[in-house]
Amino acid sequence: MTGTEALALFERQVDFLSESHYLLLLWSATAEDRSLKYNLTNFFDDLKHLGITRTKQTAVALAEVLSGLRFIEMRDESNRKNLYISRYGALALARLVESRRFESRQSSYLEER
Amino acid sequence: MTIGIGGAGCKIAARLDSEAVLVNVSETELGKVDGGGRRLLASLHAGRGQFKGSRKDPAIGLDAYLSVKRELLPLIRGNYVFSSTGGGTGNGICTGILRDLSEEEHIATEDKTFFALLLPYARLESSEFVSNTSDFLAGPLAEAIDSGNTGNIVLFSNSVKFEQKLSEEDFNAMLVDSLRQFFAVPDKNDRLRLLDGHIDHEDFALFLSKPYFNHFTCFDYDAQQSFEKQLAKHPNPLLLPPENPIEALFLLEVPSGADPTIFYDIVEHFTARNVSPIYSVVENPDIERPFISVALLYSRKPAELVNDFNKIAEKHAQAKVQKSLDQYVTLEKLNVNLADEAKAALKQRGDEEGILDILKRIGRL
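Small disclaimer: the values here were computed from a predicted structure and weren't measured.

1. Some points on the overall build of chain B
Then step 1. Within chain B, the regular secondary structure consists of 13 helices and 13 strands.
Then step 2. At a minimum sequence separation of 6, the contacts of chain B that also span at least 24 residues come to 75%.

As structure tokens, then:
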């Protein structure tokens, strides 16, 4: 695969992302910047709080998609699935931020801390 | 000579006198008047050229007066001025004339000016007409009466025109007929056989030179009934109602061979009210019943007149306020605080720019 093809693939992957994916990338990066652990349950609670979903499966599916694309890393730590943004995830997030496709929304988990 | 000022004044003056001098701010209006003699254009220049009219604004008429003052003031001496009080030209120019007359030390009897003023019908005419009239009555007219430098002032009212729904032409014709009837008094005195008393042109001119309001009327006189009741029953509907007279004049015409002494009852009526009338009793072979022309001079204070007009003007104003209240619509207030909006926008942008910083800080970019 050439660099151009790899870039085209990356573009298509970013185009595929939804607002919820964007929020997960954003919140996980923000949490890490503030030395906090952001786990799957926190993500589900935040989505629920914003009225985006009412089921944990959705949150899990969203996280698994990003994990599958290698945009985030899910680590089992102390019985929690903590979420960390990867270098590719950071590039995808930067691209989304520049394109202004989505608006940032507040994570209640991060707000409280 | 007759001088007509403004739209209404010119029309009446031109109808009464084919030699009338007509004064107006608008050349177009002057051109529209049928009859009359010389036209005098009171010019007033605004920033965009000459005014085409005074727009119901007496201040414009008053300014325009300055352009004709030198010519007009000598013209009105000992003559008749016709004007309305509601509009801008008649009111404004008359205001100028009355103020100048008020300031004079003394005006000789033969130089006094007779003013015939046409007042609007307050109930139906525009509120500007009513308020202009109030100001005119309370201001220049009151001053002029106090100065004693005017002749008779006749207050015509537009009420008959509106109540009987008359065309302006018909109404003006009625008004002029009524004036002619009154002005004919000394001529009748000269022309018809004199039975008692006399009112010659000198007496009549002296009567007209007195600075009071004049209410003149005429009717068939029935000697069997009280004069007081008949007078109360037959006021001139074109004029404002009179007050108790200060001076009076009457011309009684009796048919040929009728008893001329019936006039004593009329004289008694006036003397009982401390008024010594000037009178003339003449024989008129063309009539079948006695006919009387009466003029009463009274000095009803303009303040009372002004009150009447003010009451109406106040009602107009209240009605306008009520209408505005009825039409008041509550508009939802849209609270847009630009500073907050700007902060929010900055914060949004800041967040997004901040993300890139975050990604750099955590070593992913």
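2. Digging into the overall build of chain A
Then step 1. The number of helices and strands found in chain A is six helices and two strands.
Then step 2. Order of helices (α) and strands (β) in chain A, N terminus to C terminus: α-α-α-α-β-β-α-α.
Then step 3. Considering chain A as a whole, with its 113 residues, one finds that 33% of them fall into the buried category.
Then step 4. Sequence separation of at least 24 residues holds for 58% of the intrachain contacts in chain A that already meet a minimum separation of 6.

3. Overview of the confidence of the model for chain B
Then step 1. Of all residues in chain B, 94% attain a pLDDT of 70 or more, and the chain-wide mean is 87.
Then step 2. For this predicted complex, the interface confidence reaches an ipTM of 0.90, while the overall pTM sits at 0.66.

4. Brief notes about helix α2 (residues 19-33) of chain A
Residue and element names in this part refer to chain A.
Then step 1. Helix length check: α2 (15 residues) gives 21 Å between terminal C-alpha atoms against 21 Å at 1.5 Å per residue, within 8%.
Then step 2. In terms of burial, α2 is a largely internal element, 13 of the 15 residues being buried.
Then step 3. Two residues or fewer past α2, serine 35 is found with a positive phi of approximately 55°.

5. Some points on the packing of helix α1 (residues 6-16) of chain B against helix α4 (residues 89-103) of chain B
Residue and element names in this part refer to chain B.
Then step 1. With their axes 6 Å apart at the nearest point, α1 and α4 run at an angle of 85° to one another. On the basis of the axis angle, α1 is roughly perpendicular to α4. Note on element contacts: α4 touches α1 through Thr89, Gly90 and Ile93, opposite Gly6, Gly7, Ala8 and Gly9.
Then step 2. A breakdown of the residues in the contact of α1 with α4 according to their chemical character gives two nonpolar, five polar and no charged.

6. Topic: the pairing of strand β2 (residues 80-85) of chain A
Residues and elements named next belong to chain A.
Then step 1. Examined bridge by bridge, strand β1 (residues 72-77) and β2 share six bridges and lie antiparallel to one another. Its bridge partner being in β2, isoleucine 72 is matched across the sheet by isoleucine 85.
Then step 2. Here β1 hands over to β2 after two residues, with serine 78 in that stretch at a positive phi of 50°.

7. Observations regarding the environment of A:Glu73
Residue and element names in this part refer to chain A.
Then step 1. Within the element layout of this structure, glutamate 73 appears in strand β1.
Then step 2. Its 14 C-beta neighbours within 10 Å are what place glutamate 73 among the partly exposed residues.
Then step 3. Those residues in contact with glutamate 73 that sit more than four places away from it in its chain are Ser67, Tyr84 and Ser86.

8. What to know about the interface of chain B and chain A
Interface size is often expressed as the accessible area that is lost when the parts come together.
Then step 1. Counting residues at the interface gives 11 residues for chain B and 12 residues for chain A.
Then step 2. For the side of chain B that touches chain A, the residue count by class is six nonpolar, one polar and four charged.

9. Topic: α1(B)
Then step 1. Among the 11 residues in α1(B), 11 count as buried, and that is most of the element.
Then step 2. For α1(B), the full list of buried residues reads B:Gly6, B:Gly7, B:Ala8, B:Gly9, B:Cys10, B:Lys11, B:Ile12, B:Ala13, B:Ala14, B:Arg15 and B:Leu16.

10. A word on the packing of α4(B) against helix α5 (residues 127-147) of chain B
Residues and elements named next belong to chain B.
Then step 1. Where α4 contacts α5, the axes come no closer than 8 Å and their chain directions differ by 20°. By the angle class used here, α4 and α5 are roughly parallel. Seen from above, α4 lies across α5 with left-handed handedness. Only Asn132, Phe136, Pro140, Leu141, Glu143, Ala144 and Ser147 of α5 make contact with α4, whose side of the interface consists of Asn91, Thr95, Leu98, Arg99, Leu101 and Ser102.

11. A few points about the environment of A:Val97
Then step 1. Its place among the elements puts A:Val97 in helix α5 (residues 87-99).
Then step 2. With 75 residues separating them in the primary sequence, A:Val97 and A:Tyr22 have C-alpha atoms 9.0 Å apart.

12. Overview of the nonpolar core
All names here are of chain B.
Then step 1. If you look at the biggest cluster of nonpolar residues, it comprises 86 residues, and the most contacted ones within it are Ile3, Ala13, Leu117, Phe156, Phe250, Leu252 and Val294.
Then step 2. With seven residues, α5 is the largest single contributor of residues to this core.
Then step 3. Residue assignment places this core across two domains, with domain 1 (1-179 + 301-326) and domain 2 (184-298) each supplying three or more.
Then step 4. Setting aside anything within four residues of it in sequence, one finds phenylalanine 250 in contact with Ile266, Pro277, Tyr279, Ile292, Ser293 and Val294.

13. Concerning the environment of B:Gln181
Residue and element names in this part refer to chain B.
Then step 1. Position of glutamine 181 relative to the elements: it lies in helix α7 (residues 168-183).
Then step 2. When the C-alpha atoms of glutamine 181 and serine 293 are compared, they prove to be 7.9 Å apart, with 112 residues separating the residues in sequence.
Then step 3. Setting aside residues up to four positions removed in sequence, glutamine 181 forms contacts with Cys218 and Ser293.

14. Section: unusual backbone geometry
All names here are of chain A.
Then step 1. Here the phi dihedral of serine 35 falls at roughly 55°; this positive angle occurs in a residue that is not glycine.
Then step 2. In this fold, serine 35 is placed in the loop between α2 and α3 (40-49).
Then step 3. Classification of serine 35 as exposed rests on a count of 7 C-beta atoms within 10 Å.
Then step 4. Unlike most non-glycine residues, arginine 70 shows phi in positive territory, near 65°.

15. Some details on the pairing of strand β7 (residues 114-119) of chain B
Residue and element names in this part refer to chain B.
Then step 1. Burial analysis of β7 places six of its six residues in the buried class, which makes it a mostly covered element.
Then step 2. Going residue by residue along β7, you find Phe114, Ala116 and Leu118 tucked away on one face and Phe115, Leu117 and Leu119 tucked away on the opposite face as well.
Then step 3. Sheet topology places strand β6 (residues 80-84) next to β7; five bridges connect them, and they run parallel. Bridging across to β7, serine 83 finds its partner in leucine 117.
Then step 4. Bridge count between β7 and strand β8 (residues 153-157): five bridges; the pairing is parallel. For alanine 116, the partnering residue across the bridge sits in β8 and is valine 154.

Conventions used here
- Residues numbered from 1 in each chain as written.
- Chains lettered and ligands numbered in written order.
- Predicted model: local features only at pLDDT ≥ 70, side-chain atom pairs only at ≥ 80, totals over all residues.
- Helix = DSSP H or I, 4+ residues; strand = E, 2+ residues; numbered from the N terminus.
- Contact = placed C-beta atoms within 7 Å.
- Buried ≥ 20, exposed ≤ 12 C-beta atoms within 10 Å, placed from the backbone.
- pLDDT = per-residue confidence, 0-100.
- Expected span 1.5 Å × (residues − 1).
- Axes fitted to C-alpha atoms, helices over the stretch in contact; angles between N-to-C directions.
- Parallel < 35°, antiparallel > 145°, perpendicular 65-115°, else oblique.
- Nonpolar A, V, L, I, M, F, W, Y, C, P; charged D, E, K, R; others polar.
- Pairing = 2+ DSSP bridges.
- Left-handed = near helix turned anticlockwise from the far one by under 90°.
- Core = buried A, V, L, I, M, F, W, Y, C linked by C-beta atoms within 7 Å.
- Domains from an automatic or database assignment.

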